[in-house]
Every structure is written in structure tokens, then in C-alpha cells.
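Report on the structure
Next come the chains, spelled out residue by residue.
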Amino acid sequence: MANGEYGTITKQLLKCKSGEFDLESIQSLNLNKLGIKDLGCIGECSVLESLDLSQNNATRLYALSSLTNLVYLNLSGNSISSLEGLQALDNLVKLNLAGNLINGVDTLRSISCLENLTNLRLQDKIQDLTNPLCNGTSYKADVTEMLPNLIVLDGERLSGKGSDLFKIYQDMDKHIDKSKSYSSGSTLEPSGNVDWVPSDYWKLDTKEFTQSSLADAEQQLESGSNCSLLYICMYI
């Protein structure tokens, strides 16, 4: 069948897409872009660990509640406004909800009990997928407060060493953008009041350079001494 001809998930569809005869043997399943609205008998895939239901017409998720072995779930590009049914997915680690109808942070309360959920996507700028929730000015702060175990939100690390590295890359990108004019022949100027080295870095430290040492060096130069410059430097 061509894309968009399925409205309901059936056993025949599951067997066809997975290549498995027994639904209980299916561990990974890709059902994207099939026009699915009713999740049907998907709950019979009891050992399913990875499920892609992206780019369909799903609105209700109750049928997923028995898929407690799910680790990865892609629900992007559907018409989902409620997450009821996902609270039972204790092993879920990565969830993609970009491109749905999630209006507020309270909708995420259904998945706030999922301690293993560390990677969540609510918007995908590359695919131009988002949710009404993402339009709020405090969007990320609200989401991380509701889901404190998150490590990655919308592909960006929120905590750990990776977050520091990500910020460094962001700063580097900003400086690279500002230095584009350098390639056209203009002078590159550091932006802002950034000290690349300490202000006294190029100052000569003369604390140990005594007047007697300076006088000795000058005397050797005036007398035509054959001592090498290296020797003078070492002597000083």
C-alpha cells in the first residue's frame, strides 16, 4: 500500500512492517507517514523497544500504555494535545513530540513521573516542527522545572560536561560570524572588552633585572667584547 492509506494499526500491518509473524517478537518498528489515526493493536507488541509513529494523524496515546519496554518513541508531526497513556512507560529514555498541539507545560505533567526520560524534543527547527508551548518566553525554564531529569531538550544538552562544551561552541560560532569581514580585507577587531591575555602580559618584569646587571652588560658592549648576545642574556 502507498503512504497515507492506513487509518488504523492492524496485526497485518504490524507483521508486514516488522517482518515478524508474532507481535510479541517485534522489538523495533517504523510506522511513519502512513496516515495512522487509530493506534489499534499496537499494545500487543509487548517487547517493543523502539517505535516511530512520526508524520501521522494520531491524537490519542492510550494504546501505548502497555509498551513498558519502550526506550525510544517518535511521535513528531501528529495532532497530539494530551500525553495521557505515556505515564506507564517507565523505561522511556528518548521522546520526540515536535510538531504537535501541546499548548502548555501542564500537559507534560503526565510524563513527569518518567525518571528515565532524559531526552525530549518539542521543537525541530530544521524540520520546521514545533508546539504552541514553545512560543513562550520562559519555555525552556518551564519545561526543565517540570522535568528536572532532562539532560537534552530539543537537541541541546542542559546539564553535565556536554552543556559546557555546547556553550563554548556557541560562543565560537558567534566570534566566527563576527570575523567574516576579516576575509574581505578589513581589520579584525576583538568584540567587546575581551582580554585574550592579561593586561600586563607583554610588560617586562624588571624586578630581578638589577641596575648592576644592566651596567655590566653595557660595559661589555662598549668595550667591544666578543661575548655573544646569548651569553649576555644568560648573564642578565
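Keep in mind that what you see is a predicted model, and the values were worked out from it rather than measured. Residue numbers here run from 1 along each chain, matching the order of that chain's written sequence. Where local features are concerned, this predicted model is filtered to residues with pLDDT of at least 70; where side-chain atom pairs are given and counted, the filter is 80 or more; whole-chain, interface and lining totals use all residues. The basis for the side-chain values is all heavy atoms of the structure; hydrogens and waters are excluded.

Examining the packing of aromatic side chains
Pairing of aromatic rings covers Phe, Tyr and the six-membered ring of Trp, with a centre-to-centre limit of 6.5 Å; geometry is then stacked below 30 degrees between planes, edge-to-face above 60, and tilted otherwise. Going through the model one piece at a time under the given rule, you end up with zero aromatic pairs. Lysine and arginine charges are scored as sitting over a ring when NZ or CZ, respectively, is within 6 Å of the ring centre and within 35 degrees of the ring normal. The ring of Phe 21 has Lys 15 sitting right over it, with the charged end atom 4.5 Å from the ring centre.

Some points on the side chain of Asn 131
Its location among the elements puts Asn 131 in the loop between strand E5 (119-121) and helix H2 (139-146). Judged by its relative accessible area of 1%, Asn 131 falls in the buried class. Polar contact is defined as a pair of N or O atoms within 3.5 Å, subject to the rule that within protein one atom must be able to donate a hydrogen and the other to accept it, and that residues adjacent in sequence are counted only when both atoms are side-chain atoms. A distance of 3.0 Å separates the side chain of Asn 131 from the backbone oxygen of Leu 97, its partner in a polar contact. For Asn 131, the side chain forms a polar contact with the main-chain nitrogen of Ile 102, separated by 3.1 Å. Between two residues, a contact is recorded if the distance between any of their heavy atoms is within 4.5 Å. Setting aside chain neighbours within four positions, we find Asn 131 in contact with Leu 97, Ala 98, Gly 99, Asn 100, Leu 101, Ile 102 and Leu 122. By definition, any uninterrupted DSSP run of H or I lasting at least four residues is a helix, any uninterrupted run of E lasting at least two residues is a strand, and each is numbered from the N terminus. Residue exposure (1.4 Å probe, protein chains only): buried if accessible area is under 20% of the type maximum, exposed if over 50%, otherwise partly exposed.

Remarks on empty space enclosed by the protein
The distinction between a cavity and a pocket rests on a 1 Å grid over the protein atoms alone: a 1.4 Å probe fits inside a cavity but cannot get out, while a pocket stays open yet meets protein on both sides within 12 Å along at least five of seven lines, and a residue with an atom within 4 Å of a point counts as lining. Grid points are joined across faces, edges and corners, and a volume is the space filled by probe spheres set on the points. A full pass over the atoms with the stated rule returns one cavity of 30 Å³ or more. There is about 40 Å³ of room inside the largest cavity. Lining the largest cavity, in full, are Ile 111, Ser 112, Leu 114, Leu 117, Leu 147, Pro 148 and Asn 149. Note on residue classes: Ala, Val, Leu, Ile, Met, Phe, Trp, Tyr, Cys and Pro are nonpolar, Asp, Glu, Lys and Arg are charged, and everything else, Gly too, is polar. Split by residue class, the lining of the largest cavity holds five nonpolar, two polar and no charged.

Description of unusual backbone geometry
Despite not being glycine, Asp 128 shows a phi value in the positive range, around 60 degrees. Taking the relative accessible area as the measure of exposure, Asp 128 reaches 68% and is therefore exposed. Here the phi dihedral of Asp 154 falls at roughly 55 degrees; this positive angle occurs in a residue that is not glycine. Along the chain, Asp 154 falls in the loop between strand E6 (152-153) and strand E7 (156-157). A relative accessible area of 14% places Asp 154 in the buried class.

Digging into the nonpolar core
Proteins that are soluble and globular tend to have nonpolar side chains buried together. By size, the foremost hydrophobic cluster in this structure holds 47 residues, and its most contacted members are Leu 31, Ile 42, Leu 51 and Leu 64. Counting only elements with at least two residues in this core, the list comes to helix H1 (11-18) and H2. A per-element tally of this core places H2 first, with three residues. Sequence-distant contacts of Ile 42, that is, excluding residues within four places in its chain, are made with Ile 9, Leu 14, Leu 29, Leu 31, Leu 48, Leu 51, Ala 63, Leu 64 and Leu 67. Think of a nonpolar core as a cluster: buried Ala, Val, Leu, Ile, Met, Phe, Trp, Tyr and Cys residues, connected wherever their side-chain atoms sit within 4.5 Å.

Quick word on the confidence of the model for the chain
In the predicted model, the chain carries a mean pLDDT of 81, and the fraction of residues at 70 or more is 65%. Per-residue confidence from the prediction method is given by pLDDT, with values spanning 0 to 100. Note that pLDDT drops below 50 for residues 224-236; the model gives that stretch nine contacts with residues more than four away or on any other chain.

Re the sheet that holds strand E3 (residues 72-74)
Read from one edge of the open sheet, seven strands run E1-E2-E3-E4-E5-E6-E7, paired in mixed fashion. Of all strands in the sheet, those with a lone pairing partner are strand E1 (28-30) and E7, marking the two edges. The pairing of E3 with strand E4 (residues 94-96) spans three bridges and is classified as parallel. If you follow Asn 74 over to E4, its bridge partner there is Asn 96. Two strands are said to pair when DSSP picks up at least two bridges between them.

Observations regarding H2
Taken together, the buried positions of H2 are Tyr 139, Val 143 and Met 146. Down the axis of H2, the sector holding all buried residues measures 65 degrees, keeping them to one side. Residues of H2 that are buried sit in contact with E5 and E6. Throughout, the arc means that of the directions going from the helix axis to the C-beta atoms.

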